[in-house]
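The lines below spell out each chain.
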Number of protein chains: 2
Amino acid sequence: MKNQEIKILVVDDEPDIVEILRYNLTQVGYQVFSASDGLLGFSEAEKNTPHLIILDVMMPNLDGIATCEKLRADERFKDTIIMFLTARGEDYSYVAAFDAGADDYITKPIKPKVLVSKVKGLLRRLKGKQNSPNIIQFEDLVIDSDSYKIIVHGEEINLPRKEFELLFLLASKPDKVFKRAKIMERVWGSEVVVGDRTIDVHIRKLREKVGNKYFKTVKGVGYKFKLPKS
Amino acid sequence: MKNQEIKILVVDDEPDIVEILRYNLTQVGYQVFSASDGLLGFSEAEKNTPHLIILDVMMPNLDGIATCEKLRADERFKDTIIMFLTARGEDYSYVAAFDAGADDYITKPIKPKVLVSKVKGLLRRLKGKQNSPNIIQFEDLVIDSDSYKIIVHGEEINLPRKEFELLFLLASKPDKVFKRAKIMERVWGSEVVVGDRTIDVHIRKLREKVGNKYFKTVKGVGYKFKLPKS
DNA sequence: CTCAGTTTTAAATTATTGTTAATTTTGTTA
DNA sequence: TAACAAAATTAACAATAATTTAAAACTGAG
């Protein structure tokens, strides 16, 4: 995975700090997003699914620790690396940070070299594990998660977000049945509450657009992505 | 995975440090092994395949960095988490550590709470990955609980939920007789009340689909899954 | 603010699965 | 082996779950 493909989200209420981080990380080639408090940070994370999130501990609305807990409680971010930003000497806070599920922390004032080293180190780990290729391909179906686009025997189709994510989830483990609860958790997130019929409707749209043959209903359990040949 | 099942290897030449680590980690329930230098550490790792290894940077025979590189070069340890132990202030060393493929580091003097927090955090990540495929297999029968599907001499059959769960239960302990009450509890749940004939009917359907030879009735007691050969 | 596209809900319909009840068969035991 | 209880069998029925449609609610871009 190239640096350009790596998304980092910076969450801090001090614009100066955000800028320092953005500057240094952009310099090395990462894509940087930002948000000014925990709540906004969480929605930003939902939107971009960044690879790494840097959270300031002290923030309005939802502090770093709480944000981290919220993220860790969410299936969608189980592989996301979380890093804390803390003022030097606040010793208590970084114990709490690790308890909340953080992967590392960095102290203010920020030293660019240390920052970049840490980030690189943390991301290195990601690379090995990142066994989810951005493109899934079967006979006459290509699923490209960079552009939220699929190609069905030559024809290019853009899928809306939820539809795409549902398809991507199912297709990531062909033949595995995903229970409705799991689908809910992975595609909609644990906090959102929507009816079960919503999943059905999205499946229906996918069957329409992608092809009925790919989707198998397992009544009472969930759905699975079926390989055409088998 | 329970804490008791998690193996941690501590490699350091200072017995005091080893003891501090061992004490704190054992306290939380982990299994702790130790070795006094890099070479011994490596053989110990080969013997126990620990989930996490804590390496001191400064060690005789093979220092931490070199040991880490040696471990990382070995397929068997590609999923092992490696953590470094370093004296505070040796800034250079932890850059080198990450380069060698470390996952994290901790500075001396060791603060127990920080140590345990870090270890927990790193292991959290491991837990998600450790998913064993839930497949039971006999001669000409494969029961795959990921896909709610069975294969009987080559032929794929999709089973409805209750039927599958009943089959899975019985097949999970071949030759063990499951009492009707037990089956009821496990497949239907304790709140639901249905007649005893319901089980019979499901068994019948399974005999039809999976093959009569697998199911043995124990009159007055329940049913068991019988291995064809035995 | 408005519009187009997306997402969710609701309700009628259809399909599948699970349960029951009536009947036959089997196995056990006196 | 007759008599009884338990289990198998069958088909009809009930319950549950999914599909389909259409329309409402929401969202973000301009």
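In this text, all values refer to a predicted model and were calculated from it rather than measured experimentally. (Residues numbered from 1 in each chain as written. Chains lettered and ligands numbered in written order. Predicted model: local features only at pLDDT ≥ 70, side-chain atom pairs only at ≥ 80, totals over all residues.)

## Here we look at the protein's contact with DNA strand C
Then step 1. Around DNA strand C, a shell composed of 23 residues is seen, among which Pro-160, Arg-161 and Val-194 of chain A together with Pro-160 and Lys-162 of chain B lie nearest.
Then step 2. When residues of the surface near DNA strand C are traced back to their parent elements, those giving at least two are helix H6 (161-172) and helix H8 (197-210) of chain A together with helix H6 (161-172) and helix H8 (197-210) of chain B.
Then step 3. Counted by class, the surface near DNA strand C contains eight nonpolar, five polar and 10 charged residues. (Near = placed C-beta within 6 Å. Helix = DSSP H or I, 4+ residues; strand = E, 2+ residues; numbered from the N terminus. Nonpolar A, V, L, I, M, F, W, Y, C, P; charged D, E, K, R; others polar.)

## Some thoughts on the interface of chain B and chain A
Then step 1. Listed as interface residues are 15 residues of chain B and, on the opposing side, 20 residues of chain A.
Then step 2. Listing elements by their share of the side of chain B that touches chain A, those giving two or more residues are helix H4 (91-99) and helix H5 (112-129) of chain B.
Then step 3. If one sorts the elements of the side of chain B that touches chain A by residue count, H5 of chain B sits on top with seven residues.
Then step 4. Looking at the side of chain B that touches chain A residue by residue, the class counts come to five nonpolar, four polar and six charged. (Contact = placed C-beta atoms within 7 Å.)

## Points about the protein's contact with DNA strand D
Then step 1. Residues in close proximity to DNA strand D total 18 residues, the closest being Asp-200 and Thr-217 of chain A together with Asp-200, Arg-204 and Thr-217 of chain B.
Then step 2. For the surface near DNA strand D, the secondary-structure elements that each account for two or more residues are H8 of chain A together with H8 of chain B.
Then step 3. Residue composition of the surface near DNA strand D, by class: four nonpolar, four polar and 10 charged.

## What to know about the nonpolar core
Then step 1. Within the largest apolar cluster, 39 residues are counted, with the highest numbers of intra-cluster contacts made by Leu-167 and Leu-170 of chain A together with Leu-167 and Leu-170 of chain B.
Then step 2. Among the nonpolar cores identified, the runner-up in size contains 33 residues, and Ile-8, Leu-52, Ile-53 and Cys-68 of chain A belong to it. (Core = buried A, V, L, I, M, F, W, Y, C linked by C-beta atoms within 7 Å. Buried ≥ 20, exposed ≤ 12 C-beta atoms within 10 Å, placed from the backbone.)

## A short note on the sheet that holds strand S12 (residues 222-225) of chain B
Residues and elements named next belong to chain B.
Then step 1. Taken in spatial order, the three strands make up an open sheet running S10-S12-S11, and their pairing is antiparallel. The outermost strands of the open sheet, each flanked by one partner alone, are strand S10 (177-179) and strand S11 (215-218). Averaged over all pairs of adjacent strands, the angle between strand axes in this sheet comes to 30 degrees, irrespective of strand direction.
Then step 2. By the bridge criterion, four bridges tie S11 to S12 in an arrangement that is antiparallel. Considered in S12, the bridge of Phe-215 is made with Phe-225.
Then step 3. Of the strands in this sheet, S10 and S12 touch H6, which is tilted by about 70 degrees from S12. (Pairing = 2+ DSSP bridges. Axes fitted to C-alpha atoms, helices over the stretch in contact; angles between N-to-C directions.)

## Looking at the pairing of S12 of chain B
All names here are of chain B.
Then step 1. Relative to S12, S10 runs antiparallel, the two being bridged by three bridges. Bridging from a neighbouring strand, Val-177 pairs with Lys-224 of S12.
Then step 2. In textbook terms, the turn of a hairpin is the stretch between consecutive antiparallel strands, and for S11 and S12 this stretch comprises three residues, one of which, Gly-220, has a positive phi near 80 degrees.

## Observations concerning the packing of H6 of chain B against helix H7 (residues 180-188) of chain B
Residues and elements named next belong to chain B.
Then step 1. It is at 10 Å that the axes of H6 and H7 come closest, and there the two elements cross at 125 degrees. Judged by the angle between their axes, H6 and H7 are oblique. Crossing of H6 over H7 shows right-handed handedness. Contact with H6, carried on its side by Lys-162, Glu-165, Leu-166 and Leu-169, involves Ile-183, Arg-186 and Val-187 of H7 and no other residues of that element.
Then step 2. Partitioning the contact of H6 with H7 into residue classes produces four nonpolar, no polar and three charged. (Parallel < 35°, antiparallel > 145°, perpendicular 65-115°, else oblique. Left-handed = near helix turned anticlockwise from the far one by under 90°.)

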